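Coordinates in review
Each chain, written out:
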Amino acid sequence: SQQGEEDPQALSIQEGENATMNCSYKTSINNLQWYRQNSGRGLVHLILIRSNEREKHSGRLRVTLDTSKKSSSLLITASRAADTASYFCATDGGYQKVTFGTGTKLQVIP
Amino acid sequence: DVKVTQSSRYLVKRTGEKVFLECVQDMDHENMFWYRQDPGLGLRLIYFSYDVKMKEKGDIPEGYSVSREKKERFSLILESASTNQTSMYLCASSWAGRRGDTQYFGPGTRLTVL
């Protein structure tokens, strides 16, 4: 069962530009997470935002959460070639589990 | 740092073979998970375990079984591999006690079934 849906599916930008990707979900959540996956590798946790938070920052990452719209966005500022990866949102999918979306594939062109 | 390791990065097996994928974590996490990842479908949960010898089916358990005899080790078993089980398999672990806590992933095993 899929909870989060990322948008766009793919994004291509120049180095130095900002990248924004969105996640929409269907049912109420306790928290939402964003993960990064480099090609052919495992996922790496980036940031977790709880349902009572509206915005969270970590380095060049900014995550917002709008529970009334059931949506979240991930902003990567001043992108670098090393940010090229797939990005997934994940919502708590029941006791001890999370449910992942299908991901946004980001390409940063040097 | 949390470390989750998987026994193989790449594996090629033949249809009908029994396949074992092993996952080991070194952070004393209670929860362990097996996912498969296919293009356009994202990550789908196969099985998870919240304690030694405990397991629960995920979204797509058919054709798979699991074993957790020790806290740090979680094995995924394909009883009789089929070509539609060709996929990337990802193992993850997390602390217990909170809903949807951070998961730590292994590097993945790309399995090809011929």
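Because the structure is predicted, anything quoted here is derived from the model rather than measured.

Rules used throughout
Residues numbered from 1 in each chain as written. Chains lettered and ligands numbered in written order. Predicted model: local features only at pLDDT ≥ 70, side-chain atom pairs only at ≥ 80, totals over all residues. Heavy atoms only, no water. Salt bridge = Lys/Arg side-chain N within 4 Å of Asp/Glu carboxyl O. pLDDT = per-residue confidence, 0-100. Helix = DSSP H or I, 4+ residues; strand = E, 2+ residues; numbered from the N terminus. Buried < 20%, exposed > 50% of the residue type's maximum accessible area, 1.4 Å probe, protein only. Pairing = 2+ DSSP bridges. Disulfide = S-S within 2.5 Å. Axes fitted to C-alpha atoms, helices over the stretch in contact; angles between N-to-C directions.

Let's shift gears to the pattern of salt bridges. Following the criterion strictly, the structure yields nine salt bridges over all chains and no others. Residue A:Lys56 is joined to A:Glu53 by a salt bridge in which the shortest nitrogen-to-oxygen separation is 4.0 Å. Taking the shortest distance from any N to any O, the salt bridge between A:Glu55 and A:Arg62 comes out at 3.2 Å. By sharing partners, the salt bridges in this structure join B:Arg36, B:Asp38 and B:Arg44 into a single network.

What follows covers the confidence of the model for chain A. The pLDDT averaged across chain A works out to 92; a share of 95% of its residues lies at or above 70. Per-element mean pLDDT across chain A ranges from 85 in strand S1 (residues 5–7) of chain A up to 98 in strand S7 (residues 61–66) of chain A.

Turning our eyes to something else, we now look at the pairing of strand S8 (residues 71–76) of chain A. Residues and elements named next belong to chain A. For S8, the tally of buried residues reaches five of six residues, placing the bulk of the element in the interior. Both strand S3 (residues 19–24) and S8 contribute to a ladder of six bridges, which runs antiparallel. Across the sheet, Met21 pairs through a bridge with Leu74, a residue of S8. For S7 and S8, the ladder comprises six bridges, and the chain directions are antiparallel. Counterpart to Leu61 in the pairing with S8 is Ile76. From the end of S7 to the start of S8, which pair antiparallel, there are four residues, and Lys70 there has a positive phi angle of about 55°.

Turning our attention to the state of the cysteines. Residue and element names in this part refer to chain A. This structure, assessed with the given rule, holds two disulfides over all chains. One disulfide in the model links Cys23 with Cys89; its S-S distance is 2.1 Å. The disulfide joining Cys23 to Cys89 has a torsion of about 65° about its S-S bond and is therefore right-handed. With Cys23 in strand S3 and Cys89 in strand S9 (residues 85–92), this pair connects stretches of sequence that are 66 residues apart. For Cys23, a relative accessible area of 1% corresponds to the buried category. When its relative accessible area of 0% is taken as the criterion, Cys89 is described as buried.

A few words on the sheet that holds strand S8 (residues 73–78) of chain B. All names here are of chain B. Pairing within the open sheet is antiparallel, and its four strands lie in the order S1-S3-S8-S7. Pairing within the sheet leaves two strands with one partner each, and these edge strands are strand S1 (4–6) and strand S7 (64–70). Direction aside, the axes of adjacent strands within the sheet are offset by 20° on average. As paired strands, S1 and strand S3 (residues 19–25) are joined by three bridges and run antiparallel to one another. Bridged to Thr5 within S3 is Val24.

Moving on, we come to the sheet that holds S1(A). Residues and elements named next belong to chain A. With respect to topology, five strands assemble into an open sheet ordered S1-S3-S8-S7-S6, the strand pairing being antiparallel. Of all the strands in the sheet, just S1 and strand S6 (55–58) have a single pairing partner and so form its edges. Taking each pair of neighbouring strands and ignoring which way they run, the sheet shows an average axis angle of 20°. Inspection of the sheet shows S1 paired to S3 by three bridges, in the antiparallel sense. Opposite Glu6, over in S3, you have Cys23 as the bridge partner.

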